[in-house]
Amino acid sequence: MRRAGQPPAFRAVGDGSKLSTATELYPEELQLATRNKGMPLEALRYPITPTGLHYLLVHYDIPAVDAPAWELTVAGQVNNALRLSLDDIQRRPKASVTVTMECAGNGRSLLSPRPISQPWVVEAIGTAEWAGTPLRGILEEAGLTARAVEILFTGLDLGVEGGVVQNYQRCLSLEEATRDDVLLAYEMNGQPLEPQHGYPLRLVAPGWYGMANVKWLDRIEAIETPFDGYQMNAYRYAQSNDDEGERLRFMKVRALMIPPGIPDFLTRTRLVEPGPVTLKGRAWAGRTAVSRVELSTDAGATWSDARLGEQVAPSAWREWSCQWKAEPGSYTLCARATDAQGKVQPLEQPWNVKGMGNNMVQRIEVVVA
Ligand SMILES: Nc1nc2c(c(=O)[nH]1)N[C@H]1C(S)=C(S)[C@@H](COP(=O)(O)O)O[C@H]1N2
Ligand SMILES: [Mo]
């Protein structure tokens, strides 16, 4: 990851841990990286990511859940508080939604200086078919009072972050929580959730960065004052510790390419045979659509349009492909997507303290020989 001209280690910011940014890999990053895995980019070939290849991000430990005893509590500003077993939830109307999900920290390790956290390159991505019951139905059953302003989701997992002991918690506005496609999901790709993906029940909020999709749900609470907990403030586009920064919400536009040819084991540089090559990948844009994908073989100096293919589902990525006549030499391949609002992926990533919301164009080094 280290590049010539990179600034020296910079430790002016932090969230309570001793580390903030670095130019060398820290053991703390290695511990996170070996627990939390990315999707190998060749898995972009699958419209739905096989469950074992979907990216994974677990802040604390995967909680031990005693499924027969587990119950979801629905409480707070509601007329009828509920306690629902998994069976109760599975008896409610069933719906499914196919969702491309990306971690808000995807691309973090490419920043310079690098914020210290899970050191993703670009592979914190996956698409799954989630099935469960629409959250709206459960909220209607509980009956929100007029005082409810947000819905707070609490996971069973407990840890320390920023010096604060906490269960993982995030909220959604009433408008977001009651969208048709927001699910309390108990299946991923036709199977019960695996422990690491939130068994027995998780929230699925299509279009949002990963952090909104609270796993291992314990409690859903209608609250009367906006929630300002740790996980709401950790996900911000802050320029310094004093800067609040805007909260992250929906995934920004991004294209990724299946690395062509074969990899060099250590450097991952690709070896490609001369001749026609079909470059392929997928692109997504959170709540909006992908309107264009372009390809560059010269590190972004010149671009040509890729062909847009099938969109797997409304909240899922879209296929793209492009023909390339590979001639002997060295190349830096780049894919760049534009969304329906005209927003384009940047070639240089604007920096922020936590390394959030990066969507810099992917670069793949290729040798044609
Ligand atoms: N309870 C709980 N929910 C959580 C998390 C967590 O650590 N605890 N991680 C979040 C983050 S940061 C991401 S990116 C997604 C990852 O979901 P996945 O591991 O199923 O891909 O889950 C989110 N939901
Ligand atoms: Mo994440």
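Because the structure is predicted, anything quoted here is derived from the model rather than measured. The numbering scheme is per chain: residues are counted from 1 as the chain's sequence reads. Chain letters start at A and ligand numbers start at 1, both assigned in the order the entries are written. Owing to the predicted nature of the model, reporting of local features is limited to residues with pLDDT of at least 70; listing and counting of side-chain atom pairs is limited to 80 or more, with chain, interface and lining totals taken over all residues. To obtain the side-chain values, all non-hydrogen atoms of the structure were included, while hydrogens and water were left out.

**Q** Just give me the short version of the overall build of the protein, but keep the residues and values in it.
**A** Counting its secondary structure elements, the protein contains five helices and 24 strands. Radius of gyration: over C-alpha atoms. The globule rule applied is 2.2 Å multiplied by the number of residues raised to the 0.38 power. Over its C-alpha trace the protein gives a radius of gyration of 21 Å, about what one expects of a compact globule, namely 21 Å for 369 residues. Its C-alpha atoms put the protein at 70 × 45 × 35 Å along the principal axes. Exposure categories follow from relative accessible area, calculated using a 1.4 Å probe and restricted to protein chains: below 20% of the type maximum is buried, above 50% is exposed, and the middle band is partly exposed. Within the protein, the fraction of its 369 residues that count as buried is 53%. Going along the chain from the N terminus, every DSSP run of H or I of four or more residues is numbered as a helix, and every run of E of two or more is numbered as a strand.

**Q** An account of the domain arrangement of the protein is needed here, citing residue identities and associated values.
**A** According to the domain assignment, the protein contains domain 1 (19-234) and domain 2 (254-368). Per the annotation, domain bounds derive from an automatic or database assignment of domains. For domain 1 and domain 2, the distance between their C-alpha centres works out to 27 Å. Contact definition: two residues touch when any of their heavy atoms are within 4.5 Å. Contact with domain 1, which involves 37 residues of that partner, is made by 26 residues of domain 2. Between domain 1 and domain 2 lies a buried interface of about 2500 Å² when both sides are counted; carbon and sulfur atoms form 58% of it. Here the quantity called buried area is the accessible surface, traced with a 1.4 Å probe, that two parts lose on coming together, added over both. Looking only at domain 1, the three residues that lose the most surface to domain 2 are L44, T100 and L111, adding up to 23% of its buried area. Salt bridge, as applied in this entry: a Lys or Arg side-chain nitrogen positioned within 4 Å of an Asp or Glu carboxyl oxygen. At the boundary of domain 1 with domain 2, the tally comes to two salt bridges. Identification of polar contacts relies on pairs of N or O atoms within 3.5 Å, with a donor-acceptor requirement for protein atoms, meaning one able to donate a hydrogen and the other able to accept it, and with residues adjacent in sequence counted only if both atoms are side-chain atoms. In this structure, the connection of domain 1 to domain 2 is made through 14 residue pairs in polar contact (both at pLDDT 80 or more). Mapped onto the side of domain 1 that touches domain 2, the elements with two or more residues apiece are β4 (95-102) and β6 (125-134).

**Q** Lay out helix α3 (residues 135-142) in plain terms, naming residues and giving numbers.
**A** Along α3, the residues that are buried comprise L135, I138, L139 and A142. The buried residues of α3 all sit within an arc of 100 degrees when viewed along its axis, so they share a single face. G143, located one to two residues past α3, shows a positive phi value of around 70 degrees. This arc is built from the directions going out from the helix axis to the C-beta atoms.

**Q** How would you summarise the packing of aromatic side chains if you had to cite specific residues and measurements?
**A** What counts as a ring pair is set by centres within 6.5 Å for rings of Phe, Tyr and Trp (its six-membered ring), and what kind of pair is set by the plane angle: stacked under 30 degrees, edge-to-face over 60, tilted for all other angles. Tallied over the full model, the rule gives four aromatic pairs. Ring geometry for Y55 against W120: centres 5.9 Å apart, planes inclined by 80 degrees, an arrangement best described as edge-to-face. Here Y55 is found in the loop between α1 (27-35) and β2 (72-76), whereas its partner W120 is found in the loop between β5 (114-115) and β6, with 65 residues between them in sequence. For the pair Y55 and W120, a shared accessibility class is recorded, and that class is buried. Aromatic side chains W324 and Y331 sit 5.0 Å apart centroid to centroid with 80 degrees between the ring planes, which places their arrangement in the edge-to-face category. Take W324 and Y331: they sit in the same class, and that class is buried.

**Q** Can you tell me about the environment of M232, naming the residues and giving the values?
**A** Checked against the element boundaries, M232 lands in helix α5 (residues 230-233). Among the residues examined, M232 registers a relative accessible area of 5% and is labelled buried. Separated by 14 residues in sequence, M232 and D218 place their C-alpha atoms 18 Å apart. Leave out the neighbours within four places in its chain, and M232 touches R170, C171, F227 and R247.

**Q** Break down the site of ligand 1 for me, citing the residues and quoting the values.
**A** Proximity is defined per residue: if any heavy atom of the residue lies within 4 Å of a molecule or strand, that residue is considered near it. Taken together, 19 residues are adjacent to ligand 1, and H59, D157, H197, R202 and K215 come closest. Between ligand 1 and the protein, one listed contact pairs an oxygen atom with a backbone N or O atom of H59 at 2.8 Å. Here an oxygen atom of ligand 1 and a side-chain polar atom of K215 are 2.6 Å apart. What sets the accessible areas is the Shrake-Rupley method with a 1.4 Å probe; for residues, cover comes only from the shown protein chains. Relative to its unbound accessible surface of 540 Å², ligand 1 loses 100% to contact with the protein.

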